[in-house]
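Here is how the chains run, residue by residue.
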Amino acid sequence: MSGPHLHLLPEQIYPFDARGIAKRFRHAAIFGALDALQPGETMRFANDHDPIPLLNQLQQRYGEAVEINYVNREPGLIVIDFTRQ
C-alpha cells in the first residue's frame, strides 16, 4: 500500500474539464476549485468556448491572486491555466 495521497504539491497542474459540468453549476464549481488551490498550483481549465464573462468575474474576485494564461485557443477547445499566486 502506498502512503497518503496529498494534493498539496507546488507547481502541480490539476485538470478541470468544464464541458462535463452542467452549465448552471460551472461557475460555482470553478470558483470552488480555484479556492482549493494552494499557491503555485495550477488548474488547467478546458471548455468548448472562450469564457470571457467568467474571466471578468475571476479578475474581480481574485485580482492578482490568480494568474490566467491561455494554453490553447482553437475553436471548440479553449484551454486556460489558472495559477494561484
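It should be noted that the structure appears before, not after, this text.
A few points on the structure. Numbers given to residues run from 1 along each chain, matching the order in which its sequence is written. Totals for whole chains, interfaces and linings use every residue, but because this is a predicted model, local features are given only for residues with pLDDT of at least 70 and side-chain atom pairs only at 80 or more, for both listing and counting. In computing side-chain values, all of the structure's heavy atoms are included and hydrogens and water are not.

**Brief notes about the pattern of salt bridges**
What counts here: Here, a salt bridge means any side-chain nitrogen of Lys or Arg that lies within 4 Å of a carboxyl oxygen of Asp or Glu. Helix and strand assignments follow DSSP, with helices taken as H or I runs no shorter than four residues and strands as E runs no shorter than two, numbered in order from the N terminus. Exposure classes here rest on a 1.4 Å probe applied to the protein chains alone. A residue is buried below 20% of its type maximum, exposed above 50%, and partly exposed in between.
For the structure on display, the rule yields 4 salt bridges. Where R61 meets D35, a salt bridge forms, and the shortest distance between an N and an O atom there is 3.0 Å. Of this pair, R61 sits in helix α2 (residues 52–62) while D35 sits in helix α1 (residues 23–36), and the two are 26 residues apart along the sequence. D35 gets classed as partly exposed once you look at its relative accessible area, which sits at 40%. D81 is the salt-bridge partner of R44, the closest N and O atoms lying 2.7 Å from each other. Taken together, the positions of R44 in strand β2 (residues 42–47) and D81 in strand β4 (residues 77–84) put the pair 37 residues apart, joining distant regions of the chain. R44 sits in the partly exposed class, given a relative accessible area of 32%.

**A word on the pairing of β4**
Where a strand is regular, its side chains alternate between the two sheet faces. To be explicit about the condition: Paired strands, as defined in this entry, are two strands with at least two bridges between them according to DSSP.
Within β4, 7 of the 8 residues are buried, which leaves the element mostly enclosed by the surrounding structure. Looking at chain direction, β2 and β4 are connected through 6 bridges and run antiparallel. In the sheet register, R44 faces β4, and the bridge partner there is D81. The sheet contact formed by strand β3 (residues 66–74) and β4 spans 8 bridges and is antiparallel. Across the sheet, the residue bridging to E74 is L77, located in β4. Counting the residues between successive antiparallel strands, the hairpin from β3 to β4 contains 2 residues, one of them, G76, with a positive phi of roughly 90°.

**Looking at α2**
Filter applied, for reference: When we speak of the arc, we mean the arc of directions from the helix axis to the C-beta atoms. Should any heavy atoms of two residues lie within 4.5 Å, those residues are counted as being in contact.
Within α2 the residues assigned to the buried category are L54, L55, L58 and Y62. The buried residues of α2 occupy an angular sector of 100° when the element is viewed end-on, so they sit on one face. Those residues of α2 that are exposed and angled more than 90 degrees off the buried face are P53 and Q60. Contacts from the buried residues of α2 go to α1, β2, β3 and β4. Following α2 by one or two positions, G63 adopts a phi angle in the positive range, close to 55°.

**Some remarks on the packing of aromatic side chains**
We count it as follows: In this scheme Phe, Tyr and Trp rings, the latter by its six-membered ring, pair at centre separations within 6.5 Å, and the angle between planes marks the pair as stacked below 30 degrees, edge-to-face above 60, and tilted otherwise. When the NZ atom of lysine or the CZ atom of arginine is within 6 Å of a ring's centre and also within 35 degrees of its normal, the charge is said to sit over that ring.
Across all of its chains, the model carries 2 aromatic pairs by this definition. Centre to centre, the rings of F16 and F45 are 6.2 Å apart; their planes meet at 20°, and the pair counts as stacked. Within this pair, whereas F16 is found in strand β1 (residues 13–17), its partner F45 is found in strand β2, the two being separated by 29 residues in sequence. The class for F45 is buried, based on a relative accessible area of 1%. Taken together, F16, F45 and F82 form an aromatic cluster joined through their ring pairs. Cation over ring: R61 sits above F31, and NZ or CZ is 4.4 Å from the ring centre. The side chain of R73 reaches across the aromatic face of Y70, ending 3.7 Å from its centre.

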